[in-house]
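A structural walkthrough
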Amino acid sequence: MRMIIVAGTPGSGKTAVLIHALRNLNERNFKSSVVKIDCLYTDDDKKFAKIGVPTKLGLSMDMCPDHYAIYNIEDMIEWSQENESDFLVVETAGLCHRCAPYTMNCLGVCVIDATSGPNTPLKVGPFLSTADVAVITKGDMISQAEREIFRERVLEVNPNCKVIEANGLSGQGCVELAEEMIKSKEVALDEEKLRHSAPLAVCTLCVGETKVNKKYHRGILRRIDGFQKYEGE
């Protein structure tokens, strides 16, 4: 089975692009299962259901979506295998621009919105810099010059990725994404590990501390001058 992990900021068009790509896979008699991970709410599972793709919904709530997805990945794979799927597609919520959800043998797909500004590729971190494929959406809403600058910024951050310009409304570029999914590697859970360390989530703020004063905080902490330390037992 192949595993596709799709990351991107909210509103970048991840679901729209995926629906077109999965519809193309359906037409080729491939079977897919989707796990949709979000923080508080989503109805995207209904959109995937309309094209006949089994969908499991996971809400991370107060937990970092990356940590939630990584912790539950074994269950996702088992569920997809029960569905006798050729592809497990995990669509993750974009939360902190430090997201790093990809495993070594998955196909890592970053969906990034061209209208978000020319410097956005420099700001979003590992979910772009470690991706196999960068899908640029909403390019039809900016000028040709702006599209070329945005594309160059993407390649500046990740010169080894394949860039696909896609349109979530028309489906342009989504067949090309489906082709990349078909060419991706098989995964075996026992051999999988992360490509990049996950976002830090080990401090008292993470477990519910609400007091602002510095003396109340423990864990891995980073000061405004950039110094990082561990405070605690």
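Worth saying up front: this structure is predicted, and the values here are computed from it rather than measured.

1. Regarding the side chain of T120
Looking at where T120 falls in the secondary structure, it is placed in helix α5 (residues 120–123). Among the residues examined, T120 registers a relative accessible area of 12% and is labelled buried. If sequence neighbours within four positions are ignored, T120 has contacts with I112 and F150.

2. As for the environment of S33
Take S33: it is sitting in strand β2 (residues 32–38). Taking relative accessible area as the criterion, S33 reaches 0% and is therefore assigned buried. Excluding anything up to four places from it in sequence, S33 contacts V53, P54, W79, S80, N83, S85, F87, L88 and V89.

3. Examining the sheet that holds strand β7 (residues 162–165)
Read from one edge of the open sheet, seven strands run β3-β2-β4-β1-β5-β6-β7, paired in parallel fashion. Only two strands of the sheet have a single partner each, and these edge strands are β3 (55–59) and β7. With strand direction ignored, the average angle separating the axes of adjacent strands in the sheet is 20 degrees. Relative to β3, β2 runs parallel, the two being bridged by five bridges.

4. Examining helix α8 (residues 174–183)
Taken together, the buried positions of α8 are occupied by C174, L177, A178, E180, M181 and I182. The secondary structure elements touched by the buried residues of α8 are β1 (2–7), α1 (14–27), β4 (87–91), β5 (107–113), β6 (133–137) and β7.

5. Regarding the packing of aromatic side chains
Counting across every chain of the model gives one aromatic pair. Relative to F87, the ring of F30 has its centre 5.6 Å away and its plane inclined at 75 degrees; by these criteria the two rings are edge-to-face. Highlighted residues: F30 in the loop between α1 and β2 and F87 in strand β4, separated in sequence by 57 residues. By relative accessible area, F87 is classed as buried at 0%.

6. A look at the nonpolar core
If you look at the biggest cluster of nonpolar residues, it comprises 32 residues, and the most contacted ones within it are M3, L88, Y102 and V154. Per-element tally for this core: the top contributor is helix α4 (residues 73–82), with four residues. Setting aside residues up to four positions removed in sequence, L88 forms contacts with M1, R2, M3, I4, S33, V35, M76, I77 and S80. Judged by nonpolar contacts, the second largest core, of 26 residues, contains I4, I19, V135 and A178.

7. A short note on the environment of A69
Among the secondary structure elements, A69 is positioned in helix α3 (residues 65–71). It is 32 Å that separates the C-alpha atoms of A69 and N213, two residues lying 144 residues apart in sequence. Leave out the neighbours within four places in its chain, and A69 touches I37 and M76.

What counts as what
- Residues numbered from 1 in each chain as written.
- Predicted model: local features only at pLDDT ≥ 70, side-chain atom pairs only at ≥ 80, totals over all residues.
- Heavy atoms only, no water.
- Helix = DSSP H or I, 4+ residues; strand = E, 2+ residues; numbered from the N terminus.
- Buried < 20%, exposed > 50% of the residue type's maximum accessible area, 1.4 Å probe, protein only.
- Contact = heavy atoms within 4.5 Å.
- Pairing = 2+ DSSP bridges.
- Axes fitted to C-alpha atoms, helices over the stretch in contact; angles between N-to-C directions.
- Phe/Tyr/Trp six-rings, centres within 6.5 Å; stacked < 30°, edge-to-face > 60°.
- Core = buried A, V, L, I, M, F, W, Y, C linked by side-chain atoms within 4.5 Å.

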